[in-house]
Amino acid sequence: MLPVAQLYLRDISLLRPPGQADLLQVLWCPYDHEPHYKPSTALFWRSAAAVVDVLATPPEPHEADYDGYVPEPCLLAPEQITEYPNSLDLSAEVRQMLGDWSRWQAAGVGVDSSYADYPAEFYDCELADAPGWKVGGWPPWGHTDPYRRFCAVCDAQMVPLLTIASFEWDGSTRGWAPYEDEAAAFAAGHVAGQDPAQPTAVEVGSTAAALCLPGISGASAHRPDPVSGR
C-alpha cells in the first residue's frame, strides 16, 4: 500500500473524525482492482500524537500497474472555496434556467460572450464541482448520471470525503487555478517542464472519490501544492 494523502484536523477543520482521532491517512494499492479497475483505497483515522518514527521518504513500490498510480510527494496548502453542484444534480427547471443566456445577461455577472450559445457550460466549468483534489464538496459526474451511494456495512447514505483527481484544472476549468498559479495556468508552456495542474503526477483517468457519511460536512475544498514548486 502506498501513502496517498495525510490530512490533519488542525489544517482542515471540516473533517469530522471519530473519537479522539485528528489525522486521516489515505493509502492505496497501485494496481487495478475490480469493479472499476482503479487502485483500491484504505482509510485510517489516527491520533497525530501516536504517530512516531515518521519516514523522511515515502516507500516506493517494487512495481505498479501505471506510473500514475505512484503519487509525487506534495505539501498541502489548504484553501477553502465555494462551489455549486454539478448541473446533473439540479432539477430540470433549474437546468433550463441555466441555459437561458438572457438570464445571465440580466444578472450582470460578466459572463464571457463565448458562452452565449452554451451558457450552461459557464456554470459547469466556472461555478460547479471544482476540479482537482479536494476534501468534501460536490461530487463530479459525467461518466455516469448522479446516483446515491450507500455504506456496505450500515447502509447509510454516503457523501464525498476525499476526491482524487488527475488534474487540478484543464483548458475549460482554468478559472479554478489558485491565484499564484494563474499565470502558469494560462501560459502556453510550463515552468521547468512541470505541469502546475498536475502536482501529484497521479493519473487515475476519471476522478475517484472516497466516501464516508460521518467523516465530512459542508462543501469546501483544499488543494495540494507541489514541494518542488514552492
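Notes on the structure follow.

Criteria and thresholds
- Residues numbered from 1 in each chain as written.
- Predicted model: local features only at pLDDT ≥ 70, side-chain atom pairs only at ≥ 80, totals over all residues.
- Heavy atoms only, no water.
- Helix = DSSP H or I, 4+ residues; strand = E, 2+ residues; numbered from the N terminus.
- Contact = heavy atoms within 4.5 Å.
- Areas by Shrake-Rupley, 256 points an atom, 1.4 Å probe, with all protein chains shown as cover.
- Buried < 20%, exposed > 50% of the residue type's maximum accessible area, 1.4 Å probe, protein only.

What about the overall build of the protein?
Of regular secondary structure, the protein possesses four helices and eight strands. Secondary structure elements of the protein occur, N-terminal to C-terminal, as β-β-β-β-α-α-α-β-β-α-β-β. Once local pairs closer than 6 in sequence are excluded, the contacts in the protein between residues at least 24 apart make up 73%. A total accessible area of about 13600 Å² is found for the protein, and carbon and sulfur atoms account for 53% of it.

Section: helix α3 (residues 119-127)
Every α-helical turn comprises 3.6 residues, leaving residues that sit three or four positions apart pointing alike. Every buried residue of α3 is listed here: Pro119, Phe122, Tyr123 and Cys125. As for α3, its buried residues are in contact with α1 (92-98) and α2 (101-107). Following α3 by one or two positions, Asp129 adopts a phi angle in the positive range, close to 20 degrees.

Some thoughts on unusual backbone geometry
Apart from glycine, the bulk of residues carry a negative phi angle, and the bulk of peptide bonds sit in the trans form. The peptide bond linking Glu34 to Pro35 adopts the cis configuration, its omega dihedral lying at 5 degrees. Note that Pro35 resides in the loop between β2 (23-33) and β3 (38-46). Notably, Asp129 is not glycine yet its phi reads approximately 20 degrees, a positive angle. Relative to the helices and strands, Asp129 is located in the loop between α3 and β5 (134-135). Here the phi dihedral of Ala201 falls at roughly 65 degrees; this positive angle occurs in a residue that is not glycine.

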